[in-house]
Amino acid sequence: MPSPRKPSDRQEPVVAGLLLAAGGGRRLGGRPKALLEHHGRPLVEYAVRTLREGGCEPVHVVLGAAADRVREEAELSGCIVRDNPAWEEGMGSSLRVGLASLGSADAALVLLVDQPGIGAEAVARVRAAYRSRSSLAAAAYGGRRGHPVLFGADRWADISAGATGDRGARTYLKEHADAITLVECGDVAEEYDIDTPDDLRHLG
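Please read all numbers here as calculations on a predicted model, not as lab measurements.

Colleague: Describe the sheet that holds strand S9 (residues 181-184), naming the residues involved and giving the relevant values.
Modeller: In spatial order, the strands read S5-S4-S1-S6-S8-S7-S9; together these seven strands make up an open sheet with mixed pairing. The open sheet is flanked by strand S5 (80-83) and S9, the only strands paired with a single partner. Averaged over all pairs of adjacent strands, the angle between their axes in this sheet comes to 25°, without regard to strand direction. Bridge count for strand S1 (residues 15-21) against strand S6 (residues 107-112) is six bridges, and the pairing is parallel. Across the sheet, residue Leu-18 finds its bridge partner in S6, namely Val-110. Against the sheet, helix H4 (residues 120-127) touches S1, S6, strand S7 (136-141), strand S8 (144-152) and S9, its axis set at about 55° to S8.

In structure tokens:
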């Protein structure tokens, strides 16, 4: 019986998509962001499709607010879905849950559910910046770092250790700015957030 392949033996790296979709939409009157309607379907479905079309597989989804409803109303077949019971603590806790679910993937490409202006082309560009399990890359908009971001697996433990509150990986990225490969995406994506009622105009 052949021995299982190590990650380094793979011909192609496994870059998993990691979708953070736990937000409760506090400034949207408590409407869970994952269930906001976009092109007739829940926003979480749109984001999952963006990750897949951008070349990420498997796709992991972290839910929090109204997790049971999201499972019932959104089509998430083929995704690895995890609940973050501490989602109200902020994005950092969701990032920790997501990274812990990734197993032997070589890298995680992290996308936020409330940024539908970021499409598959931006995801594919950032994914293409993977070089090794120590890779660190991010989309850039006019030279300014944004989302999505790519974390090689060798960095996950340190990122998780610093992921607290709503800052996510922001502190880690600031401390390792010299190691980040910035991938310009301003010509193919817009990095707005769906945070307030006025932002809902971006949804189709």
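Following the structure, the description resumes.
Colleague: Explain unusual backbone geometry residue by residue, including any values.
Modeller: Cis geometry is adopted by the peptide bond preceding Pro-58, which originates at Glu-57 and carries an omega value of 0°. Following the sequence through the fold, Pro-58 ends up in the loop between helix H1 (43-53) and strand S4 (59-63). Put simply, His-147 and Pro-148 share a cis peptide bond, and its omega is 0°. Its place among the elements puts Pro-148 in strand S8. The phi angle at His-39 is positive, at roughly 55°, despite the residue not being glycine. Tracing the backbone through its elements, the reader meets His-39 in the loop between strand S2 (37-38) and strand S3 (41-42). By relative accessible area, which is 53% here, His-39 ends up exposed. At Ala-66, a residue that is not glycine, the phi angle is positive and equals roughly 50°. Residue position: Ala-66 is located in the loop between S4 and helix H2 (67-73).

Cut-offs applied
Residue numbers restart at each chain and count upward from 1, following the sequence in its written direction. Totals for whole chains, interfaces and linings use all residues, but because this is a predicted model, local features are given only for residues with pLDDT of at least 70 and pairs of side-chain atoms are given and counted only at 80 or more. With hydrogens and water excluded, all non-hydrogen atoms of the structure serve as input to the side-chain values. We call two strands paired when DSSP finds no fewer than two bridges between them. Here a helix means four or more residues in a row that DSSP labels H or I, a strand means two or more in a row labelled E, and each is numbered from the N terminus. The angle between two axes is taken between their N-to-C directions and runs from 0 to 180 degrees, where each axis is a line fitted to C-alpha atoms and a helix contributes only its stretch in contact. Working rule for contacts: check all heavy atoms of both residues, and any pair within 4.5 Å makes them a contact. Accessibility here uses a 1.4 Å probe with only protein chains present; expressed as a share of the type maximum, an area under 20% marks a residue as buried, one over 50% as exposed, and anything in between as partly exposed.

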